[in-house]
Amino acid sequence: MENQGATADPQLQQFIEVESQKQRFQQLVHQMTEVCWEKCMDKPGPKLDSRTEVCFVNCVERFIDTSQFILNRLEQTQRTRGTFSESMSE
Amino acid sequence: MDGFGSDFSSGAGSGKMDTGTIMEQVKVQIAVANAQELLQRMTDKCFKKCIGKPGGSLDNAEQKCVAMCMDRYMDAWNTVSRAYNSRLQRERARI
């Protein structure tokens, strides 16, 4: 880490960190838009009605909840049943 | 561990690029990549919604549907972006 700081341009490093984070955000927005479009969108109308908009907002919230739930549960099973690879091969 | 950063700053042989130029180029590339991503997913979704059985041409009704679908997809994208952003804000405030 220290070694890298001495050779790499700190301004550039900072820039890459910020842009990477922005990109992760954007990527997830692309993904969730696609998933929620399937769940929420009927026939595209002249405007996005409020019912559909609420569906999209809920869809985003539940998608993130699901992702966190799965992560937590995997962590739990890993802790109680030993290593991941063991529980996978059972 | 001196791959990434030093590769950029040394630029051996090809002449040294200044940081500002690199950052500008990276930004442009990111913007292009995002536009392509959106275009691809939008085409996919709106094709699916609007073109039932592909006929001899993209007829008037289909064109209207695709145009509307594009606008709604952008609305959806922005709604999702706002919802995700406010979720992140809330989660940051909790910590």
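Since the model is a prediction, treat every value here as computed from it, not as a measurement.

## Here we look at the confidence of the model for chain B
All names here are of chain B.
Here is step 1: Confidence along chain B averages 87 in pLDDT terms, with 83% of residues attaining 70 or more.
Here is step 2: Looking over chain B, one finds the lowest element-wise mean pLDDT in helix 1 (residues 4-10), namely 48, and the highest in helix 3 (residues 60-94), namely 96.
Here is step 3: Scored below 50 in pLDDT, residues 5-13 shows nine contacts in the model against residues more than four places distant or in partner chains.

## Focus: helix 3 (residues 50-80) of chain A
Here is step 1: Between its first and last C-alpha, helix 3 of chain A extends 44 Å over 31 residues, near the 45 Å set by a 1.5 Å rise per residue.
Here is step 2: Where helix 3 of chain A is concerned, the buried positions are Thr52, Phe56, Cys59, Val60, Glu61, Ile64 and Thr77 of chain A.

## Regarding the interface of chain A and chain B
Here is step 1: Opposite the 38 residues of chain A that make contact, chain B presents 39 residues.
Here is step 2: Both sides together, the interface formed by chain A and chain B hides about 3,800 Å², and carbon and sulfur atoms give 63% of it.
Here is step 3: When residues of chain A are sorted by the area they lose upon contact with chain B, Phe25, His30 and Trp37 of chain A head the list and together hold 17% of the total.
Here is step 4: With a shortest N-O distance of 2.7 Å, arginine 41 of chain B and glutamate 34 of chain A are connected by a salt bridge.
Here is step 5: For the pair chain A and chain B, the number of links is 18 residue pairs in polar contact (both at pLDDT 80 or more).
Here is step 6: A per-element tally of the side of chain A that touches chain B places helix 2 (residues 10-40) of chain A first, with 18 residues.
Here is step 7: Of the residues contributing to the side of chain A that touches chain B, the split by class is 17 nonpolar, eleven polar and ten charged.

## Section: the packing of aromatic side chains
Here is step 1: Enumeration according to the criterion identifies two aromatic pairs over all chains in this entry.
Here is step 2: Ring plane angle 5° and centroid distance 4.7 Å describe the contact between phenylalanine 25 of chain A and tyrosine 84 of chain B, whose orientation is recorded as stacked. Highlighted residues: phenylalanine 25 of chain A in helix 2 and tyrosine 84 of chain B in helix 3, drawn from two different chains. Each member of the pair, phenylalanine 25 of chain A together with tyrosine 84 of chain B, is buried.

## Observations concerning the pattern of salt bridges
Residue and element names in this part refer to chain B.
Here is step 1: Evaluated as defined, the whole model comprises 13 salt bridges over all chains.
Here is step 2: With its nearest N and O atoms 2.8 Å apart, the salt bridge here joins glutamate 37 to arginine 41. With a gap of four residues between them, glutamate 37 and arginine 41 both fall in helix 2 (residues 19-50), about one helical turn apart.
Here is step 3: On the accessibility criterion, arginine 41 (12% relative accessible area) is buried.

## A short note on the state of the cysteines
Residue and element names in this part refer to chain A.
Here is step 1: Using the criterion set out here, one finds four disulfides over all chains in the structure.
Here is step 2: Sulfur-sulfur distance for the disulfide between cysteine 36 and cysteine 59 comes to 2.0 Å. Judged by the sign of its S-S torsion, about -85°, the bond between cysteine 36 and cysteine 59 is left-handed. Of this pair, cysteine 36 sits in helix 2 while cysteine 59 sits in helix 3, and the two are 23 residues apart along the sequence.
Here is step 3: Here cysteine 36 falls in the buried class, since its relative accessible area comes to 0%.
Here is step 4: One disulfide in the model links cysteine 40 with cysteine 55; its S-S distance is 2.1 Å. Here cysteine 40 and cysteine 55 share a disulfide; its torsion about the S-S bond, -75°, makes the bridge left-handed. A residue pair is termed long-range when its members are at least 10 positions apart, and cysteine 40 in helix 2 and cysteine 55 in helix 3 qualify at 15 residues.

The rules behind the values
Residues numbered from 1 in each chain as written. Chains lettered and ligands numbered in written order. Predicted model: local features only at pLDDT ≥ 70, side-chain atom pairs only at ≥ 80, totals over all residues. Heavy atoms only, no water. pLDDT = per-residue confidence, 0-100. Helix = DSSP H or I, 4+ residues; strand = E, 2+ residues; numbered from the N terminus. Contact = heavy atoms within 4.5 Å. Expected span 1.5 Å × (residues − 1). Buried < 20%, exposed > 50% of the residue type's maximum accessible area, 1.4 Å probe, protein only. Buried area = accessible area lost by both parts, 1.4 Å probe. Salt bridge = Lys/Arg side-chain N within 4 Å of Asp/Glu carboxyl O. Polar contact = N/O pair within 3.5 Å; in protein donor to acceptor, adjacent residues only side chain to side chain. Nonpolar A, V, L, I, M, F, W, Y, C, P; charged D, E, K, R; others polar. Phe/Tyr/Trp six-rings, centres within 6.5 Å; stacked < 30°, edge-to-face > 60°. Disulfide = S-S within 2.5 Å.

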